[in-house]
Amino acid sequence: MYQLLEQADTPDGLKQIAVSDLPRLAEQMRQFIIETVAGRTGGHLGSGLGTVELTIALHYYYDLLERDSVVYDVGHQCYPHKLLTGRRAQFGTLRQYHGISGFPDPKESPYDRVKTGHGGTSLSTALGIAVANKQQGFTDRTAIAVIGDGALQEGQALEALNHGGDMRDLKYLIVLNDNEHGIGPATGALANYFSKFRTSQAYTSAKKDIKKMLKLLDEQAGSFGRAVHDVLDHVKAGLHGLMPATHPGVLFEELGYFYYGPIDGHDIPTLLEAFENAARVPKPVVLHVMTKKGKGFNNDEPDHYAYHAAKTHSKLTAHLPKEYRRAGGPAYTDVFIDKTFEMMEKDPKVVAITAAMLQGTGLEKVQQKYPERVIDVGMAEQHAVGFAQGLKLGGLKPICAVYSTFMQRSVDQLFQELALIKCPVLMALDRAGLVGPDGATHNGVFDIAYISMLPNTVLMAPRDATELKNMMDFGLELSLPAAVRFPRAQSPKQEFPAGPALELGKAEVLVEGDDGVVIAYGSMVYHALEAIELIQERHGKRLTLVNARFAKPFDEALFARLIEKHDHVFTVEEHVRRGGFGSIVLEFANRARLESGKIEVLAIDDRFVDHGARVEVLQEVGLDPAGIAASIERRMGLRKPGSESGSTRNVATGSSVSG
Ligand SMILES: Cc1ncc(C[n+]2csc(CCOP(=O)(O)OP(=O)(O)O)c2C)c(N)n1
């Protein structure tokens, strides 16, 4: 059934297949991806299905191991690439614990030049490789970036476009994979620009004639010397200029690129011909390919999001334990959405911003009711923060909803546009913590560090759904920029009774005990609660549990009292140790001349955490209730050092092996 696919396990095998058989290979590959991803593993289904023929053609034409290189933007469309580069047998382990990653990863294959997951980066990397090739005299090497119309909106991509268009004598190919979609249908001026010509009849017929002329010139070009080649290049560029005003290449040509296309990205011979032609152009080329996202997946749901990403089949996760016993309440994302509805209803000044994540943040639902007040700025996190500043200065109350990991791209905007002038914008950092199957590129485990270092900022994290709602109200009324972080998880079903009302920088004591204290931040409060319950059951020891609520400013008076009183102090957070909540407490203890040696910080070690189910990776880093209990027991001398029973912690200090 998959005979051609098996033959194409490596690019060498692929190159033995006749061009006329490649469409059949594409069919088999599509079938295999649908069976695996939609049927079992879940993952970025639609993007990969759209790039099947493109990937086959790239590997067929180029040598992407030694000579040439390809960088996939975001990397979520790399499944066909994985299948052609020796990973078919492991494909069923996609995104699972110790399985292969859903993104390119040099640890997995030398064909993956870089690890990606964040968008907008491929043009810079490929341009760098192209310039390095040129400077070292590797004139036969081509550096290729494959970028979607969504990721092209990112600031970095546009910066690289600006830089690259000014270069000559470079083998640099940008494949613009235009499927009229980001995660949902494409929006924004660039999307409008590309869509304008698609429907234009005049463009289609003019293009046919000009294509013929270009082909003729291309056929001649090879037989001439360099000078003639350059002249032909200009003639060709001129012919492109004859195209109607809606011609999509104008933008790129004016920036200095040789524009080629648009061509059918599902037609392999046309793609191969395009690569051949592009190879003869002595300057950066933009090859515009049109593809269909989710091609071949006949889903009944006409839901764009379903094409983008398929859910993991429940069979694969059925054996996994609950994250913690009281889990099972609504997802934090849904709580965020309910509250945003409520806030918008109450106050007409409240607006929400997303950076191409309408579906992931849940704001799509809110947009249906408030189309003007939910603003999707496109894949543009830096702009999202700067734009929020403007909205605030203009008199509105912006909530900037960006995943913790993607907000990393906006650190300078947090610094200048918000913190420096105390501009009060509320940042809603969803997916803060370990995200699970998307792995290292998507884990939101650095935000406490990159925000807390900035003066004039407020950082908070809720212990449950009720507290998230309270923090959103609280944060929006502050006179400082504030961030509320919440995990990709369900909130607790059974909440602790409501404590005192929120007060800036004040924590809440949830449980009183004399044998030690655990200060937990946000998502770790209920994990820590179960951990101290376990310890009480096993050893009869009672520990105090504090819900920190704020990492900045934090409850200095309470923490000082607790550190003075207790011999054992633990902080727990879903964040890296360095620069996290615990390190803030340690630094305070040191500054206040308290005994900082009593404090143990339970956090993620100085390493990147790979993919797996969220509960598996929490266990790996010791932040599941059993892992937290084990760390406390060890420190308190209740368990022999090195004994791991009762804890599922995998103490590996390197990252887990991917496939
Ligand atoms: C910096 C950053 N912001 C947001 C995302 C989330 N994201 C993943 S894929 C995607 C859409 C990409 O669209 P496009 O580049 O057109 O590729 P397609 O999926 O359509 O093939 C988004 C917004 C991301 N990965 N990186």
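Parameters and conventions
Residues numbered from 1 in each chain as written. Predicted model: local features only at pLDDT ≥ 70, side-chain atom pairs only at ≥ 80, totals over all residues. Heavy atoms only, no water. Helix = DSSP H or I, 4+ residues; strand = E, 2+ residues; numbered from the N terminus. Buried < 20%, exposed > 50% of the residue type's maximum accessible area, 1.4 Å probe, protein only. Contact = heavy atoms within 4.5 Å. Areas by Shrake-Rupley, 256 points an atom, 1.4 Å probe, with all protein chains shown as cover. Pairing = 2+ DSSP bridges. Axes fitted to C-alpha atoms, helices over the stretch in contact; angles between N-to-C directions. Salt bridge = Lys/Arg side-chain N within 4 Å of Asp/Glu carboxyl O. Patch = residues over 30% accessible without salt bridge, like charges linked within 9 Å, V, L, I, M, F, W, Y side chains within 5 Å. Polar contact = N/O pair within 3.5 Å; in protein donor to acceptor, adjacent residues only side chain to side chain. Near = heavy atom within 4 Å. Nonpolar A, V, L, I, M, F, W, Y, C, P; charged D, E, K, R; others polar. Parallel < 35°, antiparallel > 145°, perpendicular 65-115°, else oblique. Left-handed = near helix turned anticlockwise from the far one by under 90°. Phe/Tyr/Trp six-rings, centres within 6.5 Å; stacked < 30°, edge-to-face > 60°. Lys NZ or Arg CZ within 6 Å of the ring centre and 35° of its normal.

Asks: Account for the overall build of the chain, naming residues and giving values.
Replies: Looking only at helices and strands, one finds 28 helices and 19 strands in the chain. Evaluated residue by residue, the chain yields a buried proportion of 59% over its 659 residues. By sequence separation, contacts in the chain at least 24 residues apart represent 78% of the contacts at least 6 residues apart. For the chain, the computed accessible surface area is about 25800 Å², with 53% contributed by carbon and sulfur atoms.

Asks: A description of the sheet that holds strand β1 (residues 69-72) should follow, citing residues and the corresponding values.
Replies: If you walk across this open sheet you meet the 5 strands as β1-β2-β3-β5-β4, and the pairing is parallel. Edge positions in the sheet fall to β1 and β4 (258-264), since each of these pairs with one other strand and no more. Between one strand and the next, the sheet's axes are offset by a mean angle of 20 degrees, whatever the strand orientation. Packing of helix α7 (residues 122-135) onto the sheet brings it into contact with β1, β2 (143-148) and β3 (172-178), and relative to β2 it is tilted by some 170 degrees.

Asks: Hey, could you go over the pattern of salt bridges for me, with residue numbers and the actual values?
Replies: Opposite charge on two side chains permits them to pair, given that their charged atoms come into close proximity. Under the defined criterion, the tally for this structure stands at 37 salt bridges. Measuring nitrogen to oxygen at the nearest pair gives 2.6 Å for the salt bridge that ties aspartate 438 to arginine 95. Pair noted here: aspartate 438 is in the loop between β10 (426-429) and α22 (447-452) and arginine 95 is in the loop between α6 (79-84) and α7, with a separation of 343 residues, a long-range link. A residue is classified by how much of its surface remains accessible, and arginine 95, at 11% relative accessible area, is buried. The salt bridge involving arginine 326 is made with glutamate 533; its shortest N-O contact spans 2.9 Å. Here glutamate 533 lies in helix α24 (residues 525-539) and arginine 326 lies in the loop between α15 (314-317) and β6 (327-331), a separation of 207 residues in the sequence. Accessibility expressed as a relative area gives 24% for glutamate 533, which makes it partly exposed. Because the salt bridges share partners, they merge into one network encompassing Arg463, Asp464, Glu467, Glu508 and Arg549.

Asks: Got a sec to walk through a nonpolar patch on the surface? Specific residues and values, please.
Replies: A contiguous nonpolar patch, built from Leu393, Phe415, Leu420 and Ile421 and spanning about 410 Å² of accessible area, is present on the exposed surface. By the element assignment, isoleucine 421 lies in the loop between α21 (411-419) and β10. The exposure class assigned to isoleucine 421 is partly exposed, which follows from its relative accessible area of 48%.

Asks: Explain helix α28 (residues 625-635) residue by residue, including any values.
Replies: With respect to burial, α28 is a largely interior element, 9 of its 11 residues being buried. Those residues of α28 lying buried are Pro625, Ala626, Gly627, Ile628, Ala629, Ala630, Ser631, Ile632 and Glu633. Where α28 is buried, its residues touch β15 (517-520), α24, β18 (569-576) and β19 (599-604). Just downstream of α28, glycine 637 is the residue with a positive phi angle, here 75 degrees.

Asks: Which residues make up the side chain of threonine 41, and what are the values?
Replies: Within the fold, threonine 41 resides in helix α3 (residues 22-41). Beyond its immediate chain neighbours, meaning those up to four positions away, threonine 41 contacts Thr36, Phe91, Gly92, Leu94, Arg95, Gln96, Thr312 and Leu316.

Asks: Break down the environment of leucine 545 for me, citing the residues and quoting the values.
Replies: With respect to the helices and strands, leucine 545 occurs in strand β16 (residues 544-547). With a relative accessible area of 0%, leucine 545 lands in the buried category. Measuring from C-alpha to C-alpha, the distance between leucine 545 and glutamate 508 comes to 8.8 Å, with 37 residues separating the pair along the chain.

Asks: Describe the environment of aspartate 68, listing the residues and the values that go with them.
Replies: Looking at the secondary structure, you find aspartate 68 in the loop between α5 (52-61) and β1. A relative accessible area of 0% means that aspartate 68 is categorised as buried. With near-sequence residues (within four places) excluded, aspartate 68 lies in contact with Tyr62, Asp63, Arg113, Asp140, Arg141 and Thr142. A polar atom in the side chain of aspartate 68 sits 2.7 Å from the side chain of arginine 67. Among the polar contacts listed, one links the side chain of aspartate 68 to the backbone nitrogen of threonine 142, at a separation of 2.8 Å.

Asks: So what's going on with the site of the ligand? Residues and values would help.
Replies: Close to the ligand lie 23 residues; His76, Gly150, His181, Lys293 and Glu381 are nearest. At 2.8 Å from a nitrogen atom of the ligand is found a main-chain nitrogen or oxygen belonging to glycine 117. Lysine 293 has a polar side-chain atom sitting 2.7 Å from an oxygen atom of the ligand. A total of 580 Å² of accessible area belongs to the ligand in isolation, and the protein chains cover 98% of it. Among the residues making up the shell around the ligand, the classes are represented as 7 nonpolar, 11 polar and 5 charged.

Asks: Explain the sheet that holds strand β11 (residues 458-460) to me, using residue names and the numbers behind them.
Replies: To summarise the sheet geometry, strands pair through backbone hydrogen bonds and adopt either a parallel or an antiparallel arrangement. Strand order across the open sheet formed by 7 strands is β8-β7-β9-β10-β12-β11-β17, with mixed pairing between neighbours. Here the strands that pair on one side only, and so sit at the sheet edges, are β8 (374-376) and β17 (550-552). Strand-to-strand, the axes of this sheet are offset by a mean angle of 20 degrees, without reference to chain direction. Along the sheet, helix α19 (residues 381-393) contacts β7 (350-354), β8 and β9 (397-401); its crossing angle with β9, the most-contacted strand, is approximately 165 degrees.

Asks: Pulling in residues and values, what's your account of the side chain of serine 404?
Replies: By the element assignment, serine 404 lies in helix α20 (residues 404-407). With a relative accessible area of 0%, serine 404 lands in the buried category. Those residues within four positions of serine 404 in sequence are excluded, and the remaining contacts are Leu429, Asp430, Arg431, Ala432, Gly444, Val445, Asp447 and Tyr450.

Asks: Talk me through the packing of α3 against α5; I want residue IDs and the actual numbers.
Replies: With their axes 9 Å apart at the nearest point, α3 and α5 run at an angle of 125 degrees to one another. As the angle between them shows, α3 and α5 are arranged oblique. Here the hand of the crossing between α3 and α5 comes out right-handed. Residues Leu22, Leu25, Ala26, Met29, Arg30 and Ile33 of α3 touch α5, and the partners they reach there are Val52, Glu53, Ile56 and Tyr60. Taken together, the residues of the contact of α3 with α5 sort by class into 8 nonpolar, no polar and 2 charged.

Asks: Account for the packing of aromatic side chains, with residues named and values stated.
Replies: Working definition: an aromatic ring pair is given by the centre-to-centre distance plus the angle between the planes. Tallying each qualifying case throughout the model produces 19 aromatic pairs. On the numbers, 6.3 Å between centres and 35 degrees between planes, the contact of tyrosine 324 with tyrosine 526 is tilted. Taken together, the residues span a long stretch of sequence, with tyrosine 324 in the loop between α15 and β6 and tyrosine 526 in helix α24 at a distance of 202 residues. Using a relative accessible area of 5% as the deciding quantity, one classes tyrosine 324 as buried. For tyrosine 526, a relative accessible area of 2% puts it in the buried group. These aromatic residues form a ring-pair network of at least three members: Tyr521, Phe554, Phe559, Phe581 and Phe588. In this arrangement the basic side chain of arginine 141 is found over the ring face of phenylalanine 138, its NZ or CZ atom lying 3.7 Å from the centre.

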